[in-house]
Amino acid sequence: MREMMKKNQLWIYLVFLAAVLLMLPVVFLYRPTETLAEYTLTFQEREITGTYEGQTRSHLPDGEGTFTSDNGKFVYTGGFSKGQMSGKGYLKDAQFVQHFPGDLVDRVGTYEGEMLDGEASGQASFRTQNKAYDWYTYTGSYEHNMWNGYGKLKYDDEFYLLREGNYVDCEF
């Protein structure tokens, strides 16, 4: 009788241990979906307040989700890790700062396109004005927040030159 009780106890212990081991990946990999109504995201040295909806870990964006600024001018959908944009995503930002090399003046405009690890990377468009207040749009490849690869720079005014071809660090 005593030996049978030991076998039953051992059996119960093994079943419990197996259940715990099977649950460990679920506990550590599970990312609940929640809405964070007051979340602040840092991007291009800006603190942007808005709402995040998506997967979280420790009440921080982690996994797939969407962040929308309070004014609606910044919307990012894609990957997050530890509260910051990470992996692939798509951004629409009406106050994107396009940095230019050398003595060229940086421009603020509307960026709409692909992102990779928190940087403009992939196919996108950027619309802004030059110092003479002429509107233009760049459409093409981005890498590390710069125009890199094939792209087209087109002014709204047809009298301006159209630059289509390969760009390296925003230079034609």
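Now for a description of the structure that goes with this document. What you are looking at is a predicted structure, and each value in this text was computed from that prediction instead of being measured. (Residues numbered from 1 in each chain as written. Predicted model: local features only at pLDDT ≥ 70, side-chain atom pairs only at ≥ 80, totals over all residues. Heavy atoms only, no water.)

**Quick word on the overall build of the chain**
Quick note on the threshold: Runs of H or I in DSSP of at least four residues are treated as helices and runs of E of at least two as strands, each being numbered from the N terminus. Three exposure classes are used, based on accessible area relative to the maximum for each residue type with a 1.4 Å probe and protein chains only: buried under 20%, partly exposed in between, and exposed over 50%. Using a 1.4 Å probe, the Shrake-Rupley method yields the accessible areas, and only the shown protein chains count as cover for residues.
The helix and strand tally for the chain stands at one helix and 10 strands. Along the chain, from the amino end to the carboxyl end, the secondary structure elements read α-β-β-β-β-β-β-β-β-β-β. Counting over 172 residues, the chain shows a buried share of 33%. For the chain, the exposed area adds up to about 11400 Å²; of that, 58% sits on carbon and sulfur atoms.

**Focus: the layout of surface pockets**
This is how it is decided: For each structure, a 1 Å grid was placed over the protein atoms alone; sets of points admitting a 1.4 Å probe that cannot get out are labelled cavities, open sets with protein on both sides within 12 Å along at least five of seven lines are labelled pockets, and lining residues have an atom within 4 Å of a point. Grid points are joined across faces, edges and corners, and a volume is the space filled by probe spheres set on the points. Note on residue categories: nonpolar means Ala, Val, Leu, Ile, Met, Phe, Trp, Tyr, Cys or Pro, charged means Asp, Glu, Lys or Arg, and polar means any other residue, Gly included.
In this structure, the largest pocket spans a volume of roughly 360 Å³. Lining the largest pocket are 15 residues; nearest its centre among them are Phe100, Leu104, Tyr136, Tyr155 and Arg163. Contributing elements (two or more residues each) for the lining of the largest pocket: β9 (146–155) and β10 (163–167). At three residues, β9 tops the list of elements feeding residues into the lining of the largest pocket. Broken down by class, the residue content of the lining of the largest pocket amounts to 10 nonpolar, one polar and four charged.

**Let's talk about the sheet that holds strand β7 (residues 119–129)**
So the rule is basically this: For two strands to be treated as a pair, DSSP must find no fewer than two bridges joining them. Axis angles are defined between N-to-C directions and span 0 to 180 degrees, where every axis is a line fitted to C-alpha atoms and, for a helix, only to the segment in contact.
Taken together, 10 strands build an open sheet; the order of strands is β1-β2-β3-β4-β5-β6-β7-β8-β9-β10 and the sheet is antiparallel. Both edges of this open sheet fall to β1 (33–43) and β10, since each of them pairs with a single strand only. Within this sheet the neighbouring strands show an average axis-to-axis angle of 20°, counted without direction. Note: strand β2 (residues 46–57) against strand β3 (residues 60–69), seven bridges, orientation antiparallel. Across the sheet, residue Arg57 finds its bridge partner in β3, namely Leu60.

**Observations regarding the pairing of strand β4 (residues 74–81)**
Direction of pairing for β3 relative to β4: antiparallel, over a ladder of six bridges. What sits directly across from Thr66, in β4, is Thr77. Relative to strand β5 (residues 84–98), β4 is paired through seven bridges, and the arrangement is antiparallel. Each residue of the ladder has a partner; that of Phe80, found in β5, is Met85. From the end of β4 to the start of β5, which pair antiparallel, there are two residues, and Lys82 there has a positive phi angle of about 50°.

**Details of the packing of aromatic side chains**
Stated formally: Pairing of aromatic rings covers Phe, Tyr and Trp, the last counted by its six-membered ring, and requires centre-to-centre distances within 6.5 Å; plane angles under 30 degrees mean stacked, over 60 mean edge-to-face, and any other angle means tilted.
According to the stated counting rule, one finds 16 aromatic pairs in the structure shown. Seen in terms of ring centroids, Phe67 and Phe74 are 6.0 Å apart; in terms of plane orientation they differ by 70°. Their pairing is edge-to-face. Each of the two residues, Phe67 as well as Phe74, counts as buried.

**So, unusual backbone geometry**
If a residue is not glycine, its phi is most likely negative; likewise, a peptide bond is most likely trans. Here Lys82, not a glycine, exhibits a phi torsion of approximately 50°, which is positive. Phi angles above zero are rare outside glycine, and Cys170 is one such case at about 70°. Mapped onto the secondary structure, Cys170 falls in the segment after β10.

**Details of the side chain of Gln98**
To keep things clear, this is the line we draw: Definition of a polar contact: a pair of N or O atoms within 3.5 Å, with one able to donate and the other able to accept a hydrogen when the atoms are protein atoms, and with sequence-neighbouring residues admitted only if both atoms are side-chain atoms. Note on contacts: a residue pair is in contact if any heavy atoms of the two residues lie within 4.5 Å.
Tracing the backbone shows Gln98 in strand β5. Polar contacts involving the side chain of Gln98 include one to the side chain of Trp147, which spans 3.3 Å. With residues up to four places along the chain from it excluded, the contact list for Gln98 reads Asp106, Arg107, Phe126, Tyr142, Asn145, Met146, Trp147 and Cys170.

**Some remarks on the side chain of Ser141**
Counting through the fold element by element, Ser141 comes out in strand β8 (residues 135–143). Sequence-distant contacts of Ser141, defined by excluding residues within four places in its chain, comprise Gly122, Gln123, Met146, Trp147, Asn148, Gly149 and Tyr150.

Take it as geometry only, folks, not as evidence of what the structure does.
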